[in-house]
Amino acid sequence: MKKNLKIYLASPRGFCAGVKRAIEIVEKSITKYGKPVYVRHEIVHNKQVVEELKKKGAVFVEELSDIKDSTRPVIFSAHGVPKSVPEEAQQKKLSFVDATCPLVSKVHRESEQLFKKGYDIILIGHNNHPEVIGTMGQLPKGSIKLVETVNDASLLDNKNFSKPVAYITQTTLSVDDTAEIISKLKEKFPNIKQPIKEDICYATTNRQLAVKKIAPKCDMFFVIGSRNSSNSVRLVEVAKKAGCENSMLMHFEKEIPTEKLKNSEVIGISSGASAPEQLVQNLLNEVKKDREITIEEVIVAEEKVVFKLPKELN
(Lines give C-alpha, C1' and ligand atoms only; values in the text may rest on other atoms or scores of the structure.)
Protein backbone atom coordinates (compact mmCIF):
# COMPACT_ATOMS: atom_id res chain seq x y z
CA MET A 1 0.00 0.00 0.00
CA LYS A 2 1.34 3.42 -0.96
CA LYS A 3 1.39 5.96 1.87
CA ASN A 4 -0.81 9.02 1.41
CA LEU A 5 0.77 12.40 0.71
CA LYS A 6 -1.09 15.70 0.81
CA ILE A 7 0.08 18.26 -1.75
CA TYR A 8 -0.75 21.96 -1.63
CA LEU A 9 -0.34 23.46 -5.09
CA ALA A 10 0.25 27.21 -5.12
CA SER A 11 -1.75 29.33 -7.53
CA PRO A 12 -0.81 31.54 -9.29
CA ARG A 13 2.46 29.82 -10.20
CA GLY A 14 4.58 29.54 -13.32
CA PHE A 15 4.54 31.81 -16.36
CA CYS A 16 3.65 35.47 -15.88
CA ALA A 17 2.41 37.73 -18.69
CA GLY A 18 5.89 39.17 -19.35
CA VAL A 19 7.40 35.69 -19.77
CA LYS A 20 4.56 34.49 -22.04
CA ARG A 21 5.02 37.60 -24.18
CA ALA A 22 8.81 37.18 -24.41
CA ILE A 23 8.55 33.52 -25.50
CA GLU A 24 5.86 34.42 -28.03
CA ILE A 25 8.09 37.21 -29.41
CA VAL A 26 10.85 34.66 -30.12
CA GLU A 27 8.41 32.16 -31.69
CA LYS A 28 6.68 34.77 -33.85
CA SER A 29 10.02 36.25 -34.93
CA ILE A 30 11.16 32.80 -36.11
CA THR A 31 7.87 32.43 -38.04
CA LYS A 32 8.15 35.91 -39.57
CA TYR A 33 11.90 36.15 -40.29
CA GLY A 34 12.83 32.45 -40.62
CA LYS A 35 15.74 30.73 -38.86
CA PRO A 36 17.94 31.61 -37.12
CA VAL A 37 16.98 34.56 -34.97
CA TYR A 38 19.48 35.68 -32.35
CA VAL A 39 18.51 36.30 -28.72
CA ARG A 40 20.77 38.41 -26.51
CA HIS A 41 20.96 36.74 -23.09
CA GLU A 42 18.53 33.97 -22.03
CA ILE A 43 15.10 35.25 -23.10
CA VAL A 44 13.79 34.23 -19.64
CA HIS A 45 15.71 32.44 -16.91
CA ASN A 46 14.73 28.84 -17.56
CA LYS A 47 16.86 26.11 -19.13
CA GLN A 48 13.93 24.15 -20.60
CA VAL A 49 12.45 27.24 -22.26
CA VAL A 50 15.83 28.13 -23.74
CA GLU A 51 16.41 24.54 -25.01
CA GLU A 52 12.94 24.43 -26.63
CA LEU A 53 13.53 27.74 -28.40
CA LYS A 54 16.97 26.57 -29.62
CA LYS A 55 15.26 23.59 -31.26
CA LYS A 56 12.89 25.99 -33.03
CA GLY A 57 15.71 28.12 -34.43
CA ALA A 58 16.82 30.63 -31.78
CA VAL A 59 20.54 31.21 -31.23
CA PHE A 60 21.44 32.62 -27.81
CA VAL A 61 24.36 35.03 -27.43
CA GLU A 62 25.58 37.06 -24.47
CA GLU A 63 26.69 40.12 -26.47
CA LEU A 64 25.86 41.59 -29.87
CA SER A 65 29.51 41.08 -30.87
CA ASP A 66 28.85 37.28 -30.70
CA ILE A 67 26.36 37.51 -33.59
CA LYS A 68 27.80 35.73 -36.64
CA ASP A 69 25.28 36.90 -39.27
CA SER A 70 24.33 40.58 -39.09
CA THR A 71 21.48 40.12 -41.59
CA ARG A 72 19.50 38.22 -38.94
CA PRO A 73 17.30 39.93 -36.33
CA VAL A 74 18.20 39.95 -32.63
CA ILE A 75 15.77 39.88 -29.70
CA PHE A 76 16.49 41.56 -26.35
CA SER A 77 15.49 39.48 -23.31
CA ALA A 78 12.54 40.10 -20.98
CA HIS A 79 14.91 41.48 -18.32
CA GLY A 80 15.61 44.64 -20.31
CA VAL A 81 18.89 46.05 -21.60
CA PRO A 82 21.03 49.14 -21.00
CA LYS A 83 20.53 51.99 -23.54
CA SER A 84 23.96 51.16 -24.98
CA VAL A 85 22.64 47.87 -26.44
CA PRO A 86 20.04 49.23 -28.92
CA GLU A 87 22.57 51.99 -29.76
CA GLU A 88 25.20 49.34 -30.57
CA ALA A 89 22.60 47.40 -32.63
CA GLN A 90 21.86 50.55 -34.68
CA GLN A 91 25.57 51.16 -35.27
CA LYS A 92 25.96 47.56 -36.44
CA LYS A 93 22.81 47.95 -38.59
CA LEU A 94 21.20 44.99 -36.82
CA SER A 95 17.41 44.81 -36.82
CA PHE A 96 16.12 44.11 -33.31
CA VAL A 97 12.92 43.27 -31.44
CA ASP A 98 12.70 44.32 -27.80
CA ALA A 99 11.08 41.68 -25.54
CA THR A 100 11.62 43.68 -22.32
CA CYS A 101 8.74 43.05 -19.93
CA PRO A 102 6.46 46.13 -19.93
CA LEU A 103 6.69 46.24 -16.11
CA VAL A 104 10.49 46.48 -16.35
CA SER A 105 10.10 49.20 -19.02
CA LYS A 106 7.90 51.08 -16.53
CA VAL A 107 10.84 51.16 -14.06
CA HIS A 108 13.16 52.34 -16.88
CA ARG A 109 10.80 55.23 -17.69
CA GLU A 110 10.47 56.08 -14.00
CA SER A 111 14.24 56.34 -13.63
CA GLU A 112 14.48 58.65 -16.66
CA GLN A 113 11.70 60.92 -15.38
CA LEU A 114 13.23 61.13 -11.90
CA PHE A 115 16.61 61.95 -13.44
CA LYS A 116 15.05 64.71 -15.58
CA LYS A 117 13.32 66.16 -12.52
CA GLY A 118 16.66 66.36 -10.72
CA TYR A 119 16.49 63.47 -8.25
CA ASP A 120 19.30 61.32 -6.96
CA ILE A 121 18.10 57.75 -7.50
CA ILE A 122 18.46 54.66 -5.31
CA LEU A 123 17.71 51.29 -6.93
CA ILE A 124 16.85 48.40 -4.61
CA GLY A 125 17.98 45.24 -6.39
CA HIS A 126 20.57 42.49 -6.83
CA ASN A 127 23.97 43.41 -8.18
CA ASN A 128 24.75 41.93 -11.63
CA HIS A 129 21.21 40.69 -12.24
CA PRO A 130 20.43 41.49 -15.92
CA GLU A 131 17.37 43.53 -14.92
CA VAL A 132 19.49 45.71 -12.61
CA ILE A 133 22.19 46.11 -15.28
CA GLY A 134 19.45 47.19 -17.72
CA THR A 135 17.84 49.67 -15.33
CA MET A 136 21.15 51.24 -14.26
CA GLY A 137 22.10 51.46 -17.94
CA GLN A 138 19.17 53.77 -18.73
CA LEU A 139 21.08 56.72 -17.28
CA PRO A 140 24.66 58.05 -17.32
CA LYS A 141 27.06 55.99 -15.19
CA GLY A 142 26.89 56.93 -11.51
CA SER A 143 23.34 58.35 -11.67
CA ILE A 144 21.83 55.39 -9.80
CA LYS A 145 23.02 54.02 -6.46
CA LEU A 146 22.36 50.31 -5.90
CA VAL A 147 21.16 49.13 -2.49
CA GLU A 148 20.93 45.36 -1.92
CA THR A 149 20.28 45.03 1.84
CA VAL A 150 18.96 46.87 4.91
CA ASN A 151 22.60 47.24 5.92
CA ASP A 152 23.45 48.98 2.61
CA ALA A 153 20.53 51.34 3.24
CA SER A 154 21.64 52.10 6.81
CA LEU A 155 25.11 53.14 5.58
CA LEU A 156 23.65 55.92 3.42
CA ASP A 157 23.09 59.48 4.59
CA ASN A 158 22.70 62.96 3.14
CA LYS A 159 26.46 63.19 2.48
CA ASN A 160 25.94 60.61 -0.31
CA PHE A 161 23.49 62.84 -2.18
CA SER A 162 23.44 66.41 -3.40
CA LYS A 163 19.80 66.42 -4.64
CA PRO A 164 16.40 65.20 -3.41
CA VAL A 165 16.32 61.37 -3.17
CA ALA A 166 13.94 58.90 -4.85
CA TYR A 167 13.93 55.10 -4.97
CA ILE A 168 12.91 52.49 -7.52
CA THR A 169 13.13 48.68 -7.26
CA GLN A 170 13.84 45.57 -9.29
CA THR A 171 10.53 43.88 -10.21
CA THR A 172 11.33 40.38 -8.85
CA LEU A 173 12.37 41.02 -5.24
CA SER A 174 11.05 39.58 -1.99
CA VAL A 175 8.12 41.81 -1.02
CA ASP A 176 8.92 41.58 2.73
CA ASP A 177 12.69 42.10 2.43
CA THR A 178 12.11 45.08 0.16
CA ALA A 179 9.61 46.56 2.64
CA GLU A 180 12.34 46.42 5.33
CA ILE A 181 14.84 48.19 3.07
CA ILE A 182 12.24 50.85 2.13
CA SER A 183 11.41 51.42 5.78
CA LYS A 184 15.13 51.98 6.54
CA LEU A 185 15.41 54.41 3.59
CA LYS A 186 12.37 56.36 4.82
CA GLU A 187 13.95 56.57 8.27
CA LYS A 188 17.16 57.94 6.71
CA PHE A 189 15.43 60.20 4.16
CA PRO A 190 11.98 61.17 5.46
CA ASN A 191 11.14 63.01 2.21
CA ILE A 192 12.26 60.21 -0.14
CA LYS A 193 10.08 59.99 -3.23
CA GLN A 194 8.54 56.58 -3.87
CA PRO A 195 7.08 55.10 -7.05
CA ILE A 196 3.40 56.02 -7.64
CA LYS A 197 2.63 52.33 -8.12
CA GLU A 198 5.10 49.92 -6.58
CA ASP A 199 7.74 48.39 -8.85
CA ILE A 200 7.66 44.78 -7.63
CA CYS A 201 5.43 43.18 -10.23
CA TYR A 202 1.99 41.69 -9.63
CA ALA A 203 3.22 38.18 -10.54
CA THR A 204 6.10 38.23 -8.03
CA THR A 205 3.73 39.48 -5.32
CA ASN A 206 1.01 36.89 -6.06
CA ARG A 207 3.43 33.95 -6.20
CA GLN A 208 4.97 34.98 -2.87
CA LEU A 209 1.52 35.39 -1.29
CA ALA A 210 0.49 31.87 -2.33
CA VAL A 211 3.73 30.38 -0.98
CA LYS A 212 3.30 32.25 2.34
CA LYS A 213 -0.17 30.81 2.73
CA ILE A 214 0.91 27.21 2.14
CA ALA A 215 4.45 26.91 3.54
CA PRO A 216 3.54 26.91 7.28
CA LYS A 217 1.47 23.71 6.77
CA CYS A 218 4.21 21.79 4.91
CA ASP A 219 6.98 19.34 5.86
CA MET A 220 8.71 20.17 2.58
CA PHE A 221 8.30 22.87 -0.06
CA PHE A 222 9.44 22.67 -3.68
CA VAL A 223 9.88 25.65 -5.97
CA ILE A 224 10.43 24.72 -9.59
CA GLY A 225 12.71 27.18 -11.35
CA SER A 226 16.25 27.93 -12.46
CA ARG A 227 19.11 28.95 -10.19
CA ASN A 228 19.57 32.25 -12.06
CA SER A 229 15.84 33.09 -11.80
CA SER A 230 15.56 35.84 -9.18
CA ASN A 231 11.84 35.35 -8.57
CA SER A 232 12.23 31.55 -8.12
CA VAL A 233 15.10 31.91 -5.64
CA ARG A 234 13.01 34.50 -3.72
CA LEU A 235 10.10 32.00 -3.48
CA VAL A 236 12.38 29.51 -1.69
CA GLU A 237 13.43 32.23 0.78
CA VAL A 238 9.78 33.21 1.31
CA ALA A 239 8.79 29.58 2.01
CA LYS A 240 11.60 29.23 4.58
CA LYS A 241 10.71 32.51 6.26
CA ALA A 242 7.03 31.51 6.36
CA GLY A 243 7.87 28.42 8.39
CA CYS A 244 8.97 25.59 6.10
CA GLU A 245 12.70 25.29 6.76
CA ASN A 246 12.83 22.31 4.38
CA SER A 247 12.27 24.35 1.21
CA MET A 248 14.29 23.86 -1.94
CA LEU A 249 14.72 24.99 -5.52
CA MET A 250 14.03 22.21 -8.01
CA HIS A 251 16.25 23.30 -10.89
CA PHE A 252 17.22 21.57 -14.13
CA GLU A 253 19.73 19.08 -12.64
CA LYS A 254 18.14 18.63 -9.22
CA GLU A 255 17.10 15.11 -8.23
CA ILE A 256 13.94 14.62 -6.16
CA PRO A 257 15.08 13.99 -2.55
CA THR A 258 13.16 10.69 -2.30
CA GLU A 259 14.49 9.79 1.17
CA LYS A 260 13.28 13.06 2.70
CA LEU A 261 9.98 12.74 0.88
CA LYS A 262 9.35 9.34 2.49
CA ASN A 263 9.04 11.02 5.90
CA SER A 264 6.78 13.83 4.66
CA GLU A 265 3.02 13.88 5.05
CA VAL A 266 2.36 17.32 3.55
CA ILE A 267 4.32 19.09 0.82
CA GLY A 268 3.88 22.35 -1.06
CA ILE A 269 4.72 23.04 -4.70
CA SER A 270 5.06 26.30 -6.61
CA SER A 271 7.01 27.42 -9.67
CA GLY A 272 8.80 30.61 -10.62
CA ALA A 273 7.44 33.02 -13.23
CA SER A 274 9.68 31.58 -15.96
CA ALA A 275 9.06 27.86 -15.27
CA PRO A 276 6.75 25.90 -17.62
CA GLU A 277 3.71 24.18 -16.04
CA GLN A 278 4.88 20.90 -17.57
CA LEU A 279 7.70 20.80 -15.00
CA VAL A 280 5.14 20.93 -12.17
CA GLN A 281 3.23 18.04 -13.77
CA ASN A 282 6.51 16.09 -14.20
CA LEU A 283 7.26 16.49 -10.48
CA LEU A 284 3.75 15.35 -9.52
CA ASN A 285 4.11 12.29 -11.77
CA GLU A 286 7.43 11.40 -10.13
CA VAL A 287 5.97 11.71 -6.62
CA LYS A 288 2.95 9.56 -7.66
CA LYS A 289 5.26 6.61 -8.33
CA ASP A 290 5.83 6.11 -4.59
CA ARG A 291 2.83 7.76 -2.94
CA GLU A 292 -0.94 8.07 -3.10
CA ILE A 293 -1.44 11.81 -3.52
CA THR A 294 -4.26 14.21 -2.79
CA ILE A 295 -3.86 17.65 -4.31
CA GLU A 296 -5.39 20.86 -3.03
CA GLU A 297 -4.87 23.96 -5.13
CA VAL A 298 -4.58 27.13 -3.03
CA ILE A 299 -5.58 30.15 -5.11
CA VAL A 300 -4.73 33.62 -3.82
CA ALA A 301 -5.39 35.61 -7.00
CA GLU A 302 -6.68 35.29 -10.55
CA GLU A 303 -4.22 36.69 -13.09
CA LYS A 304 -5.78 38.14 -16.20
CA VAL A 305 -2.90 40.38 -17.29
CA VAL A 306 -1.97 40.14 -20.99
CA PHE A 307 0.70 42.27 -22.68
CA LYS A 308 0.51 43.27 -26.34
CA LEU A 309 3.24 42.14 -28.72
CA PRO A 310 5.57 44.72 -30.33
CA LYS A 311 3.88 46.24 -33.38
CA GLU A 312 6.38 44.71 -35.82
CA LEU A 313 5.07 41.23 -34.89
CA ASN A 314 1.33 41.93 -34.98
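Let us look at the structure shown here.

As for the sheet that holds strand E7 (residues 144-147)
Consideration 1: The three strands lie next to each other as E7-E6-E8, forming an open sheet whose pairing is parallel. Across the chains shown, the open sheet's two edge strands, defined by having one partner strand only, are E7 and strand E8 (165-169). Here the average twist between neighbouring strands, direction ignored, is 30 degrees.
Consideration 2: Relative to the sheet, helix H7 (residues 175-188) contacts strand E6 (120-124), E7 and E8, its axis offset from that of E6 by approximately 155 degrees.

Examining unusual backbone geometry
Consideration 1: The residue after Ser11, namely Pro12, is reached through a cis peptide bond having omega 5 degrees.
Consideration 2: Along the chain, the position of Pro12 falls in the loop between strand E1 (3-11) and helix H1 (17-33).
Consideration 3: Across the junction of Lys35 and Pro36, the peptide omega takes the value -10 degrees, indicating a cis bond.
Consideration 4: Relative to the helices and strands, Pro36 is located in the loop between H1 and strand E2 (37-40).
Consideration 5: The backbone of His41 sits at a positive phi, close to 70 degrees, despite the residue not being glycine.
Consideration 6: Position of His41 relative to the elements: it lies in the loop between E2 and helix H2 (47-56).
Consideration 7: Note on His41: relative accessible area 15%, which makes it buried.
Consideration 8: Positive phi, close to 55 degrees, is recorded for Lys93, a residue that is not glycine.

Re the sheet that holds strand E10 (residues 247-250)
Consideration 1: Pairing in this open sheet of five strands is parallel, and the strands run E10-E9-E11-E1-E12 from one edge to the other. With partners counted over all chains shown, the strands left at the sheet margins are E10 and strand E12 (291-299), one partner each. On average, adjacent strands in this sheet sit at an angle of 25 degrees to one another, irrespective of strand direction.
Consideration 2: Against the sheet, helix H8 (residues 202-214) contacts E1, strand E9 (220-224), strand E11 (266-271) and E12, and its axis sits at roughly 150 degrees relative to E1.
Consideration 3: Of the strands in this sheet, E9, E10 and E11 are in contact with helix H9 (residues 230-241), which crosses E10 at around 165 degrees.

A short note on the pairing of E9
Consideration 1: Of all the five residues making up E9, five are buried; the element is thus mostly covered by neighbouring parts of the structure.
Consideration 2: Neither face of E9 is exposed, since Met220, Phe222 and Ile224 on one face and Phe221 and Val223 on the opposite face are all buried.
Consideration 3: Alignment of E9 against E11, held across five bridges, turns out to be parallel. Residue pairing across strands places Val223 opposite Ser270, the latter belonging to E11.
Consideration 4: The pairing of E9 with E10 spans four bridges and is parallel. Looking at E10, one finds that Phe221 is bridged to Ser247.
Consideration 5: Regarding topology, H9 serves as the crossover connection from E9 to the parallel E10, and that connection is right-handed.

Analysis parameters
Residues numbered from 1 in each chain as written. Predicted model: local features only at pLDDT ≥ 70, side-chain atom pairs only at ≥ 80, totals over all residues. Heavy atoms only, no water. Pairing = 2+ DSSP bridges. Helix = DSSP H or I, 4+ residues; strand = E, 2+ residues; numbered from the N terminus. Axes fitted to C-alpha atoms, helices over the stretch in contact; angles between N-to-C directions. Contact = heavy atoms within 4.5 Å. Buried < 20%, exposed > 50% of the residue type's maximum accessible area, 1.4 Å probe, protein only. Right-handed = clockwise from strand over helix to strand, strands pointing away.

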